[in-house]
Amino acid sequence: MSTGEELLRTHGLRVTRPRLAVLEILTGGGHLEVDEIARRARARLDSVSTQAVYDVLGALSRAGLARRIEPAGSPARFEARVGDNHHHIVCRSCGEITDVDCVVGRRPCLMPDEAHGYDLDEAEITFWGLCRSCRARRDAEAMHD
């Protein structure tokens, strides 16, 4: 039995070819849009609808095997890195997304001044800026102006 099959069963999910394909795609890394996941899934399977990919992603997210992130102004993205309270840095120019661990290596970001009675277990923080490539392109363009 493969690791994907074990993961699905351990998390109470039925093992299907689309679920295995999407899980394998996500564990390959990155912050992927649904269209990209569907394109890659179709390359592995004879056919799979975009709706089926959405359904699989929903099931994987509910089971804790995938994480949905939605940077402002960007379509939803999915990743397999779950359960560790990491955050993201998004490039304002090209949209590249990079994982970043909690700011000081532990979870101070889970302790707001006032929790308003909530039992907090996760914080979602997005940092924005320019990636190295976009910053270098901007700097090169500024030199030519």
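Not measured: the values here are computed from a predicted model. By convention here, each chain's residues receive numbers from 1 onward along its written sequence. At least 70 in pLDDT is required for a residue's local features to be given in this predicted model, at least 80 for side-chain atom pairs to be given and counted, and no such filter applies to totals for whole chains, interfaces and linings, which use all residues. Side-chain metrics rest on all non-hydrogen atoms present in the structure, leaving aside hydrogens and water.

J.: Tell me about the overall build of the chain, and please be specific about residues and values.
T.: Looking only at helices and strands, one finds 5 helices and 6 strands in the chain. Put simply, DSSP marks the helices as runs of H or I at least four residues long and the strands as runs of E at least two long, and each gets a number from the N terminus on. In sequence order, the secondary structure elements of the chain are arranged as α-α-β-α-α-β-β-β-β-β-α. Projecting the C-alpha coordinates of the chain onto the three principal axes gives extents of approximately 55 × 45 × 25 Å. Put simply, of all contacts in the chain between residues at least 6 apart along the chain, 45% involve residues at least 24 apart. By element, 48% of the accessible surface of the chain is carried by carbon and sulfur atoms, the whole surface being about 9400 Å². The convention is simple: Lys and Arg are positive, Asp and Glu are negative, and His and the chain ends are not counted. Here the site of a charge means NZ on Lys, CZ on Arg, CG on Asp, or CD on Glu. Across the chain, the centroid of the 20 positively charged side chains sits 4 Å from that of the 23 negatively charged ones. Residues count as neighbours in contact if any of their non-hydrogen atoms are within 4.5 Å of one another. Calculation of accessible area relied on Shrake-Rupley with a 1.4 Å probe; when residues are assessed, cover is drawn exclusively from the protein chains displayed.

J.: Before we move on, can you summarise the sheet that holds strand β6 (residues 126-129) with the specific residues and values?
T.: Two strands pair under a simple rule: DSSP has to find at least two bridges between them. One open sheet holds the 3 strands; their spatial order is β5-β4-β6, and the pairing between them is mixed. Of all strands in the sheet, those with a lone pairing partner are β5 (97-100) and β6, marking the two edges. Averaged over all neighbouring strand pairs, the angle between strand axes comes to 25 degrees, with direction disregarded. With axes taken as lines fitted to C-alpha atoms, and helix axes fitted only over the stretch in contact, angles between N-to-C directions fall between 0 and 180 degrees.

J.: Just give me the short version of the sheet that holds strand β2 (residues 67-69), but keep the residues and values in it.
T.: By definition, the strands of a sheet pair up through backbone hydrogen bonds, in either a parallel or an antiparallel sense. If you trace the 3 strands from one edge of the open sheet to the other, you get β1-β3-β2, paired in antiparallel fashion. One side of each edge strand has no neighbouring strand; the edge strands of this open sheet are β1 (32-33) and β2.

J.: Mind laying out the nonpolar core, listing which residues take part and the relevant values?
T.: We define the nonpolar core as a collection of buried residues of types Ala, Val, Leu, Ile, Met, Phe, Trp, Tyr and Cys that are connected through side-chain atoms lying within 4.5 Å of one another. Throughout this description, buried means an accessible area under 20% of the type-specific maximum (1.4 Å probe, protein chains only), exposed means over 50%, and partly exposed covers the range between. Formed by 24 residues in total, the largest nonpolar core has its most connected members in L26, I37, L57 and L60. Counting only elements with at least two residues in this core, the list comes to α2 (17-27), α3 (34-44) and α4 (50-62). Those residues within four positions of L57 in sequence are excluded, and the remaining contacts are V22, L26, V34, I37 and F78.

J.: Residue-level account of the pattern of salt bridges, with values.
T.: A side chain with one charge can pair with a side chain of the opposite charge if their charged atoms come near. Salt bridges are defined by distance alone: a side-chain nitrogen of Lys or Arg within 4 Å of a carboxyl oxygen of Asp or Glu. In the structure shown here, the tally under the stated rule is 10 salt bridges. R81 serves as the salt-bridge partner of D84, at 2.4 Å between the closest nitrogen and oxygen. Between R81 and D101 there is a salt bridge, with the nearest N and O atoms lying 2.4 Å from each other. You can see R81 sitting in the loop between β3 (77-79) and β4 (87-91) and its partner D101 sitting in the loop between β5 and β6, a full 20 residues away along the chain. On the basis of relative accessibility, which here comes to 28%, the residue R81 falls in the partly exposed class. Several salt bridges share partner residues, and in doing so they unite R81, D84, D99 and D101 into one network.

J.: Run through the packing of helix α1 (residues 3-10) against α2, naming residues and quoting values.
T.: Think of two packed helices as two axes; the pair is described by the angle between the axes and how far apart they sit. As a packed pair, α1 and α2 sit with axes 10 Å apart at the nearest point and diverge in direction by 110 degrees. The angle between α1 and α2 places the two elements in the roughly perpendicular class. Contacts between α1 and α2 involve G4, E5, L7 and L8 from the former and R19, L20 and L23 from the latter. By residue class, the composition of the contact of α1 with α2 is 4 nonpolar, 1 polar and 2 charged. Our angle categories are set so that under 35 degrees counts as roughly parallel, over 145 as roughly antiparallel, 65 to 115 as roughly perpendicular, and the remainder as oblique. Gly is put with the polar residues, along with every residue not named as nonpolar or charged; the nonpolar set is Ala, Val, Leu, Ile, Met, Phe, Trp, Tyr, Cys and Pro, and the charged set is Asp, Glu, Lys and Arg.

J.: Mind laying out the side chain of E79, listing which residues take part and the relevant values?
T.: Position of E79 among the secondary structure elements: in strand β3. Engagement of the side chain of E79 in a polar contact is seen with the side chain of H31, the distance being 3.0 Å. Under this definition, polar contacts are N or O atom pairs within 3.5 Å; protein pairs additionally need one hydrogen-donor-capable and one acceptor-capable atom, and for neighbouring residues in sequence, both atoms have to be side-chain atoms. Within polar-contact distance, the side chain of E79 engages the side chain of H86 at 3.0 Å. Other than its neighbours up to four places away in sequence, E79 contacts L26, G30, H31, L65, A66, R67, I69, H86, H88 and D99.

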